[in-house]
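Report on the structure
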Amino acid sequence: MSNGNAAVAAKPMAGTETAEQGTTLKQGKMLFTSTMTFIVMVVLAGLLFPDKLYDVGIGTMNYLTETFGWIYMAGSFLYVMVMFFFAFSKYGNIRFGDDNAKPEFSTFSWMGMLFSAGMGTVMLYWGVAEPVYHYINPLVTTGIAPQTPEAAEFAMKQSFIHQGIQAWSAFSVVGLILGYLMYRKKENGLISNILLPWGRDKANGNLGKIVNLICVFGAIAGISTSLGQTGLSLSVSFSYLLGTPDSTMTKLLVVGTITGITVLCTTTGLEKGIKVLSDYNAYLLMGLILLVGLVGPTTTMLNVYFDSLGNYMNDFFRDGLMLPTFAPEEETSWVTGWPIYYYAWAIAWAPFVGPFIARVSKGRTVREFILGSMILPCLGIFLWVAFFGTIGIQAPVEALKAAAASSKAATFIVLEGFPMGSIISWGVVLALFTCFITSLNSSTFTLSSMSQDGAANPSNRMKTIWTIAQASMALTLMLGSKTGIELLQSISLIFALPLMFVLFLCMISTVKMFREEFQN
């Protein structure tokens, strides 16, 4: 950025006051009380009226995804296009901070935190399960026969699509505007500040409150869903590796351990706790991929990676907007159950992943932030999916069918007959722990910050409360109802619809503020 642009950046945004001149409405207490009430209501409803809550939740989710599925797909596609525009335009040189600001974290640590705070747990959970499922059950309207080379290519490409750039773009949309606001404009971290271009009264008024409430509710639903799934997967993994029962006590111990470690990390601060854990997690994941590549069919895995990457890029525009058309009976359940589900889940994660990756990106340019948060994690995920997906697809028929029937146990089922499978399985268990602890760290930081009016460094007491609250909600739903996790998944998808419009506001606000940055 030139000095002239820096001078412009120092001016207040049009229609607003500077942070020092304006009066920020205190919303923290309202957000904290409202969200805690929401948690209690969902938990009680799940315990007292599980069947009724399930019917309402699943019915609402099905209606929204079938009626408004095009919004989920088109919106996620639009996020990608707009983010690339920002990255490769003149705005890409804008820095999160002053023009001479330096990155707060090393590139390696930064990449590790971006990856771990995003969909690392999704990759670990679905890295084997999804390719195996699509290999056995390809989309009927493609005309591809199950368990054929064509089915394998379809399975790998779809796994890349669902865990690829469209999911990560939602995080970048939120992180971009908040990183700019916090470090360039010296505002607090409340998401309602995306309304500042329309006036501080809008950001601090009722519309701002609605934006914050939607984001907080979505974050709670998204993280609790993931914690529940991780708990179930880890409980099953111990059953396979140690012979322990897949019981209530095991789930209690798993979630309790994750909660305790997360409290320790959050109270030691980002620089100490999350950075160390993210670095460790990055080394662990790289080590697992390298080990699988060495003991497995190395050439085949690398071929699968590049072939699937080519198919993904070649068909990006077609698959990125895939929707049921002239064969709705055959296509609707598949499209809503896979791409729409993935994108909606990512959108539900955006309110807590976005602020977190903004927080750790101080000193980065807009271009660095967008490319780093959207492309680099995808390349790592694709490598994992290619290597572990190949193991799954080439597994013996009995293991293949068992893995396709149990997503939470798929990885451990196919690794049973794989060279050094036990060691790799234990590595996956550790990675599940560390990835999710980092994700829980990011959600705890965001919720705590919003509960204290956007504080850059929320109190340890507030972070501890939020960690325990998220774990309690997930655990209660896991143990109180057989359909608890599925129901919470539906709540995540329901909240994703209003969240999409919050993300649209984020992009419009970013355009307005970037234009102001370059005004003469």
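Thresholds applied
Note that residues are indexed from 1 along each chain, following the sequence as it is written. Where totals are concerned, whole chains, interfaces and linings use all residues; where local detail is concerned, this predicted model gives features only for residues with pLDDT of at least 70, and gives and counts side-chain atom pairs only at 80 or more. Excluding hydrogens and water, the side-chain values take into account all heavy atoms of the structure. Here an angle of 0 to 180 degrees is reported between the N-to-C directions of two axes, which are lines fitted to C-alpha atoms, with helices fitted over the stretch in contact. The helix count covers DSSP runs of H or I at least four residues long, the strand count covers runs of E at least two residues long, and both are numbered beginning at the N terminus. The cut-offs work like this: below 35 degrees is roughly parallel, past 145 is roughly antiparallel, 65 to 115 is roughly perpendicular, and the gaps in between are oblique. Throughout, a crossing is termed right-handed when the near helix is turned clockwise from the far one, and left-handed when it is turned anticlockwise from it by less than a right angle. Note on contacts: a residue pair qualifies if any of its non-hydrogen atoms lie within 4.5 Å across the two residues. Three classes are used: nonpolar for Ala, Val, Leu, Ile, Met, Phe, Trp, Tyr, Cys and Pro, charged for Asp, Glu, Lys and Arg, and polar for all others, with Gly counted as polar. Salt bridges are defined as contacts in which a side-chain nitrogen from Lys or Arg sits within 4 Å of a carboxyl oxygen from Asp or Glu. The classification of residues rests on relative accessible area computed with a 1.4 Å probe and restricted to protein chains. Under 20% of the type maximum is buried, over 50% is exposed, and intermediate values are partly exposed.

1. Quick word on the packing of helix 3 (residues 50-88) against helix 8 (residues 165-183)
- Running from N to C, helix 3 and helix 8 point in directions that differ by 60°, and their axes come no closer than 8 Å. Classified by the interaxial angle, the pair formed by helix 3 and helix 8 is oblique. Every pair of crossing elements has a handedness; the one defined by helix 3 and helix 8 is left-handed. Contacts from M73, S76, F77, Y79, V80, M83, F84 and F86 of helix 3 reach helix 8 at I165, Q166, S169, A170, S172, V173 and L176.
- When its residues are assigned to classes, the contact of helix 3 with helix 8 shows eleven nonpolar, four polar and no charged.

2. A closer look at the packing of helix 17 (residues 366-374) against helix 18 (residues 376-393)
- Put simply, helix 17 and helix 18 touch, their axes get as near as 3 Å, and they point 15° apart. By the angle between their axes, helix 17 is roughly parallel relative to helix 18. Residues L371, G372, S373 and M374 of helix 17 touch helix 18, and the partners they reach there are L376, P377 and C378.
- A class-by-class count of the residues in the contact of helix 17 with helix 18 yields five nonpolar, two polar and no charged.

3. Quick notes on the pattern of salt bridges
- The full count for this structure, using the stated rule, is eleven salt bridges.
- A salt bridge links D319 to K157; the shortest N-O distance between them is 3.1 Å. Remark: K157 occurs in helix 7 (residues 149-162) and D319 occurs in helix 14 (residues 316-320); sequence separation between them is 162 residues. Here D319 matches K157 in class, with each residue buried.
- As a salt-bridge pair, E368 and R364 come within 3.7 Å of each other at their nearest N and O atoms.
- On the basis of relative accessible area, R364 is assigned to the buried category, the value being 4%.
- Connected through salt bridges with shared partners, the residues K157, D315, R318 and D319 form a single ionic network.

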